[in-house]
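Architecture and fold: a report
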Amino acid sequence: MDIADLNDQALTRDSLYGTQAETTYAGITSFMRRRYSRDLRGVDLVVSGVPFDTATTNRPGARFGPRGIRAASAGIAWERHWPWAFDPFEHLAVIDYGDCAFDHGTPQSVPESIETHARRILDAGCAMLTLGGDHFISYPLLKAHHRRHGPLALIHFDAHSDTWPDEEGQRIDHGTMFWHAAREGLVDPARSVQIGLRTTNDDHQGFQVLDARQVHRLGCEAIAAAIRERVGDHPVYLTFDIDCLDPAFAPGTGTPVCGGLSTTQALEILGSLRGINLVGMDLVEVAPAYDHAEITSLAGATLAMEMLCLYAARHKVDV
Ligand code: MN
Ligand code: MN
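Source: prediction; values computed, not measured.

Attention now goes to the pairing of strand β4 (residues 127-132). When you tally the buried positions in β4, you get six out of six residues, the bulk of the element. Residue alternation in β4 divides its side chains into two sets, A127, L129 and L131 and M128, T130 and G132, and both sets are buried. By the bridge criterion, three bridges tie β4 to strand β9 (residues 278-284) in an arrangement that is parallel. Across the sheet, residue T130 finds its bridge partner in β9, namely D282.

Pasting the structure below:
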């Protein structure tokens, strides 16, 4: 190969499939060096960003999450994702669609913009891996996925329940959207589970809670078994709030809480969920301005890859 063709696979790759080494520190940082495209023909899975963060209750900055995760992914895109025995990019046609556009000056219009973005992708028959943005974005994403798949089992990694009540109406708030999702039937709480919680909420709306202490005491294998039991073979939406990780492992986030999971624990649990009927996923709340040495962005990129492997394992790989 000509040395001139070694960089910028986001522009130059001629197949949507495969993994090819590229200079880790250079070039256009699409997610995992996938092609930047809006052409959905022949695409299995779309990675896109939703750089929205005005629903945060504490520190804003997750609007830079998609950019941070993409940049960190360049450092791990040169090889097959460890420790999986297959390369998901050999089996799935994946593009980086860029970011959802919305008008930050009219916040009440943003949920609709995100839902329309998701519908366009889902209606073309593609699955989505979405990079946040604060956690509110999961609400319009769930609406779009519910329209396609019906009530979903939710696997929710977080320090927070995000089921705090909003009796007054439709707050654009990253702590209330799963209260609405449960009440509107977008998710089925009886098939749903929240992992890593360590904040107080007296009413969990019927979700099963495996809090951070349970993860530390019971171990990853037992937690993964409990999750699998809860969701069964039901269509699953997986949402990962990076603040599920302890601030030692994910300082770059808006509402950090001590006592959380290590990156290793999160990867162990996710890796043990192989076989679940995953239909959609997001990774949210990475806020690079509070990060150190890209710890959080790299964790975000790595966890997103683990989710992508889980999706491939269920839908494309016959092993
Ligand atoms: Mn959250
Ligand atoms: Mn959280």
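There's more to say after this.
Once that is clear, we can look at the pattern of salt bridges. Inspection of every chain in the model, using the stated rule, returns eleven salt bridges. A salt bridge links R63 to D53; the nearest nitrogen and oxygen atoms lie 2.9 Å apart. Here R63 is found in the loop between β2 (45-50) and α2 (65-73), whereas its partner D53 is found in the loop between β2 and α2, with ten residues between them in sequence. What makes D53 buried here is its relative accessible area of 3%. Among the charged side chains, a salt-bridge network with shared partners connects R70, D96 and D99.

Bound to the manganese ion (ligand 1) are the protein donor atoms H135 (ND1), D158 (OD), D162 (OD) and D241 (OD), situated 2.1 to 2.2 Å from the metal. Mapping the donors of the manganese ion (ligand 1) onto the primary sequence yields the spacing H-x22-D-x3-D-x78-D. The manganese ion (ligand 2) is placed at 3.3 Å from the manganese ion (ligand 1), the two being bridged by D158. Taking the relative accessible area as the measure of exposure, D158 reaches 0% and is therefore buried.

When its volume is computed, the largest pocket comes out at roughly 390 Å³. Together, 17 residues line the largest pocket, and H81, W82, P83, L267 and E306 are the ones closest to its centre. Listing elements by their share of the lining of the largest pocket, those giving two or more residues are α9 (263-271) and α10 (295-315). Residue contributions to the lining of the largest pocket peak at four residues, all from α9. Residue composition of the lining of the largest pocket, grouped by class: seven nonpolar, five polar and five charged.

The topology assignment puts S37 in the loop between β1 (35-36) and β2. A polar atom in the side chain of S37 sits 2.9 Å from the backbone nitrogen of D39. Not counting residues up to four positions away in its chain, the partners in contact with S37 are I95, D96 and Y97.

What counts, and where the lines are drawn
Residues numbered from 1 in each chain as written. Chains lettered and ligands numbered in written order. Predicted model: local features only at pLDDT ≥ 70, side-chain atom pairs only at ≥ 80, totals over all residues. Heavy atoms only, no water. Buried < 20%, exposed > 50% of the residue type's maximum accessible area, 1.4 Å probe, protein only. Helix = DSSP H or I, 4+ residues; strand = E, 2+ residues; numbered from the N terminus. Pairing = 2+ DSSP bridges. Salt bridge = Lys/Arg side-chain N within 4 Å of Asp/Glu carboxyl O. Donors = N, O, S within 2.8 Å, 3.2 Å for Na, K, Ca; no water. 1 Å grid on protein atoms, 1.4 Å probe; cavity = no way out; pocket = protein on both sides within 12 Å on 5 of 7 lines; lining within 4 Å. Points joined across faces, edges and corners; volume = space filled by probe spheres on them. Nonpolar A, V, L, I, M, F, W, Y, C, P; charged D, E, K, R; others polar. Polar contact = N/O pair within 3.5 Å; in protein donor to acceptor, adjacent residues only side chain to side chain. Contact = heavy atoms within 4.5 Å.

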